[in-house]
Amino acid sequence: MKTKVAIIGAGPSGLLLGQLLTRAGIDNIIIDNKPKEYILGRIRAGVLEQGAVAMLEEAGVAEKMRREGLVHEGFDISFDGQSHRMNLEKYSGGKTVMVYGQTEVTRDLMEAREKAGAITVYAAEKVKVHDFDRSRPYVTFHHVGRDVRLDCDFIAGCDGFHGVCRASVPKGAITNYERVYPFGWLGLLADVPPVHHELIYAHHERGFALCSQRSLTRSRYYIQCSLDDTVDAWSDDLFWEELKRRLDPKIAARMVTGPSIEKSIAPLRSFVAEPLRFGTMFLAGDAGHIVPPTGAKGLNLAASDVRYLFDAFVDYYKGQSVKGIEAYSSRALLRIWKAERFSWWMTNLLHTFPDASGFDRKMQRTDFDYLISSDAAQRSLAENYVGLPY
Ligand code: FAS
Ligand code: PHB
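Notes on the structure in this doc start here. Sequence order as written defines residue numbering, which begins from 1 separately in each chain. Working convention: letters from A go to chains and numbers from 1 go to ligands, in the order in which they are written. The model is predicted, so local features are restricted to residues of pLDDT at least 70 and side-chain atom pairs to those at 80 or more, both for listing and for counting; the totals for chains, interfaces and linings are taken over all residues. Excluding hydrogens and water, the side-chain figures rest on all heavy atoms present in the structure.

Details of the site of ligand 2
Part 1: If you check the shell around ligand 2, you find 15 residues, and the closest are Tyr201, Ser212, Arg214, Tyr222 and Pro293.
Part 2: The term polar contact refers here to a pair of N or O atoms within 3.5 Å; inside protein, the definition further demands a hydrogen-donor-capable atom paired with an acceptor-capable atom, and it admits residues adjacent in sequence only when both atoms are side-chain atoms. The separation between an oxygen atom of ligand 2 and a polar main-chain atom of Arg44 is 3.2 Å.
Part 3: The contact in question runs from an oxygen atom of ligand 2 to an N or O atom on the backbone of Pro293, over 2.7 Å.
Part 4: Think of it this way: any DSSP run of H or I at least four residues long counts as a helix, any run of E at least two long counts as a strand, and we number them from the N terminus. For the shell around ligand 2, the elements supplying multiple residues, two or more each, are strand 14 (199-203), strand 15 (209-213) and strand 16 (219-225).
Part 5: Split by domain, the residues of the shell around ligand 2 number at least three in each of domain 1 (5-71 + 97-178 + 269-349) and domain 2 (181-268 + 352-386). Put simply, a residue is near a molecule or strand once any heavy atom of it comes within 4 Å of that molecule or strand. Domain segmentation is taken from an automatic or database assignment of domains.

Let's talk about the nonpolar core
Part 1: The definition of a nonpolar core used throughout is a set of buried Ala, Val, Leu, Ile, Met, Phe, Trp, Tyr and Cys residues joined through side-chain atoms within 4.5 Å. Partly exposed residues are those whose accessible area sits between 20% and 50% of the maximum for their type, while under 20% is buried and over 50% is exposed, using a 1.4 Å probe and protein chains only. By size, the foremost hydrophobic cluster in this structure holds 79 residues, and its most contacted members are Leu17, Ile31, Leu48 and Val139.
Part 2: Here this core takes ten residues from helix 9 (residues 298-319), the largest share from any one element.

Digging into helix 1 (residues 12-23)
Part 1: For helix 1, with twelve residues, the first-to-last C-alpha span of 16 Å sits near the 16 Å given by 1.5 Å per residue.
Part 2: Counting buried positions over the twelve residues of helix 1 gives ten, a clear majority of the element.
Part 3: Tucked into the core, helix 1 has its buried residues touching strand 1 (5-8), strand 2 (28-31), helix 3 (50-58), helix 6 (102-116), strand 12 (154-157) and helix 9.
Part 4: After helix 1 finishes, the residue Gly25 shows a positive phi value of roughly 75 degrees. The length a helix should cover is 1.5 Å for every residue beyond the first. Throughout, a residue-residue contact means that at least one pair of heavy atoms, one from each residue, lies within 4.5 Å.

Quick look at helix 9
Part 1: Its 22 residues give helix 9 an end-to-end C-alpha distance of 31 Å, which sits within 8% of 32 Å, the value for a rise of 1.5 Å per residue.
Part 2: Trailing helix 9 by a residue or two, Gln320 shows a phi angle of about 45 degrees, which is positive.

Quick word on the site of ligand 1
Part 1: In the vicinity of ligand 1 there are 29 residues, among which Ser13, Asp32, Arg44, Gln102 and Asp286 approach most closely.
Part 2: Tyr222 is positioned with one of its side-chain polar atoms (N or O) 3.4 Å from an oxygen atom of ligand 1.
Part 3: A distance of 3.2 Å separates an oxygen atom of ligand 1 from a polar backbone atom of Leu299.
Part 4: Considering ligand 1 on its own, with 990 Å² of exposed area, one finds that the protein chains cover 86% of that surface.
Part 5: Only helix 1 and helix 9 provide two or more residues apiece to the shell around ligand 1.
Part 6: Residue polarity is assigned by list, with Asp, Glu, Lys and Arg as charged and Ala, Val, Leu, Ile, Met, Phe, Trp, Tyr, Cys and Pro as nonpolar; anything else, Gly included, falls into the polar class. Of the residues that constitute the shell around ligand 1, the class distribution is 13 nonpolar, nine polar and seven charged. The Shrake-Rupley method, run with a 1.4 Å probe, gives the accessible areas here. Residue values count only the displayed protein chains as cover.

Describing the sheet that holds strand 11 (residues 146-151)
Within a sheet, neighbouring strands are paired by backbone hydrogen bonds and run either parallel or antiparallel to one another.
Part 1: A sheet is described by the order of its strands in space; here three strands give the open sequence 9-10-11, paired in antiparallel fashion. A single partner strand is all that each edge strand has here, and the edge strands are strand 9 (125-130) and strand 11. Taken over all neighbouring pairs, the strand axes of this sheet differ in orientation by 15 degrees on average, direction set aside.
Part 2: Any two strands with at least two DSSP bridges between them are considered paired. Pairing geometry for strand 10 (residues 138-143) and strand 11, over six bridges, is antiparallel. Considered in strand 11, the bridge of Tyr138 is made with Asp151. Whenever a helix is involved, its axis is fitted only over the stretch in contact; in every case the axis is a line through C-alpha atoms, and angles between N-to-C directions fall within 0 to 180 degrees.

Focus: the sheet that holds strand 3 (residues 47-48)
Part 1: Spatially, 3-7-4 is the arrangement adopted by the three strands of the open sheet, whose pairing is antiparallel. Each edge of the open sheet is held by one strand with a lone partner, namely strand 3 and strand 4 (70-72).
Part 2: Two elements, strand 3 and strand 7 (residues 97-99), share two bridges in a ladder whose sense is antiparallel. Bridging from a neighbouring strand, Leu48 pairs with Met98 of strand 7.

Description of the state of the cysteines
Part 1: The rule for a disulfide is simple: a pair of cysteine sulfur atoms within 2.5 Å. Scanning all chains against the criterion turns up zero disulfides.
Part 2: Distance from the sulfur of Cys158, which forms no disulfide, to the nearest cysteine sulfur (Cys165) is 7.9 Å.
Part 3: In this structure Cys158 comes out as buried when scored by relative accessible area, which is 7%.
Part 4: Here Cys211 is not disulfide-linked; the sulfur of Cys225 is the nearest cysteine sulfur, at 16 Å.

Focus: the packing of helix 1 against helix 3
Part 1: Between helix 1 and helix 3, whose axes approach to 10 Å, the crossing angle comes to 40 degrees. In terms of orientation, helix 1 lies oblique with respect to helix 3. As for how helix 1 packs across helix 3, the hand of that crossing is left-handed. Contact residues: Leu16, Leu20 and Arg23 in helix 1; Met55, Leu56 and Glu58 in helix 3. For classification, angles of less than 35 degrees are called roughly parallel, those exceeding 145 degrees roughly antiparallel, those between 65 and 115 degrees roughly perpendicular, and all remaining angles oblique. We call a crossing left-handed when the near helix sits turned anticlockwise from the far one by less than a right angle, and right-handed when that turn is clockwise.

See below:
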């Protein structure tokens with residue numbers, strides 16, 4: 001097999017890059033080691049920045065999002081019962097965010113790819129990347145009983161945090177920066193109406209809680225949990241009871257509960273790999289970086305990486321220029337680190353740290369008090385949450 005760009009990973013990064021390349025007439029093949037249904041079964045992000053929305057518009061997959069997505073102009077942030085509405089629209093100069101689940105984004109991209117007749121190999125086994133330090137890289141994998149070799153010009157590593165691409169880079173050629181947080185998020189999805197018309201981020205001495213949504217009839221909730229917690233230890237009733245204990249009693253009193261349709265625990269980490277280019281292989285999305293989901297940046301960073309990488313491929317194939325390719329890593333990392341900072345700051349502000357000193361807790365409370373009393377602080381939060389420029 002042969003293609004111009006071999007994309008490893010059919011998550012949002014790989015599918016969005018593939019869709020843009022296909023529409024630009026740049027041949028590409030996506031290879032994922034999981035079946036399509038498995039990928040669609042993962043419940044993850046829920047908030048899209050305007051930049052990500054614009055990318056989906058450009059990719060021609062925004063129709064259902066425009067119809068079913070929820071435009072949000074703000075969210076509530078509370079600290080030990082004191083609540084404050086963060087007016088994103090006012091403090092970002094008129095910008096908003098789109099609440100539309102990553103699962104739906106992935107499904108829309110998969111459907112568009114199938115309609116365009118572009119090749120996606122699901123459930124590939126033993127995926128390996130080769131010779132990306134030379135000009136003729138290739139990918140090998142096993143699929144439906146056959147060993148396959150895919151020759152290409154470039155490899156786009158869109159295979160997430162646990163993928164094969166970053167793992168294939170020689171140790172001396174990459175620097176990893178990481179902070180692992182001493183807690184995780186237990187998430188629950190249920191077909192119940194959201195408790196509030198906007199998201200609620202809540203700090204509580206028992207732990208962080210987040211009330212989010214997927215539609216007017218489907219809600220997504222999270223509570224901070226310990227790293228040795230397991231989903232089996234949390235019955236639905238126990239989850240609802242703990243979530244309510246962490247929220248304003250007025251909010252808790254009107255919460256509609258119901259059976260979970262999904263429950264999962266995600267560890268929280270901040271992670272960046274530098275650089276993001278290795279010869280003819282590029283890392284994009286979670287393959288190159290991870291943020292704690294507190295700032296709703298993970299999926300949105302994948303979108304800006306894809307912007308830069310797609311533009312670089314267009315420069316190369318249409319403009320016969322390597323400028324974009326050479327600038328990709330430094331350009332993407334500049335925006336990545338700013339999102340890492342914001343996600344780290346939101347996580348430190350809102351979570352309960354087991355080893356926090358009395359001073360640490362005073363700093364958290366003071367950070368909240370400063371935020372709600374300062375237009376400048378709220379402008380800073382708003383411009384980061386709606387998305388810094390690409
Ligand atoms: P993904 O991990 O989504 O996709 C990578 C793809 O590569 C997968 O389909 C995988 O099957 C495939 N792959 C892996 N190894 C491979 C191999 N060896 N060969 C071939 N294919 C391979 N972000 C938010 O903004 N808000 C959230 O609430 C949120 N919650 C999250 C919860 C969890 C458990 C996780 C893991 C992430 C969460 N994120 C959240 C971040 C998430 O949304 C990511 O940013 C987003 O999925 C990034 O998309 P991709 O870069 O495409 O990576
Ligand atoms: C979600 O809806 O899954 C979600 C929303 C906002 C976040 C994290 C997750 O910060």
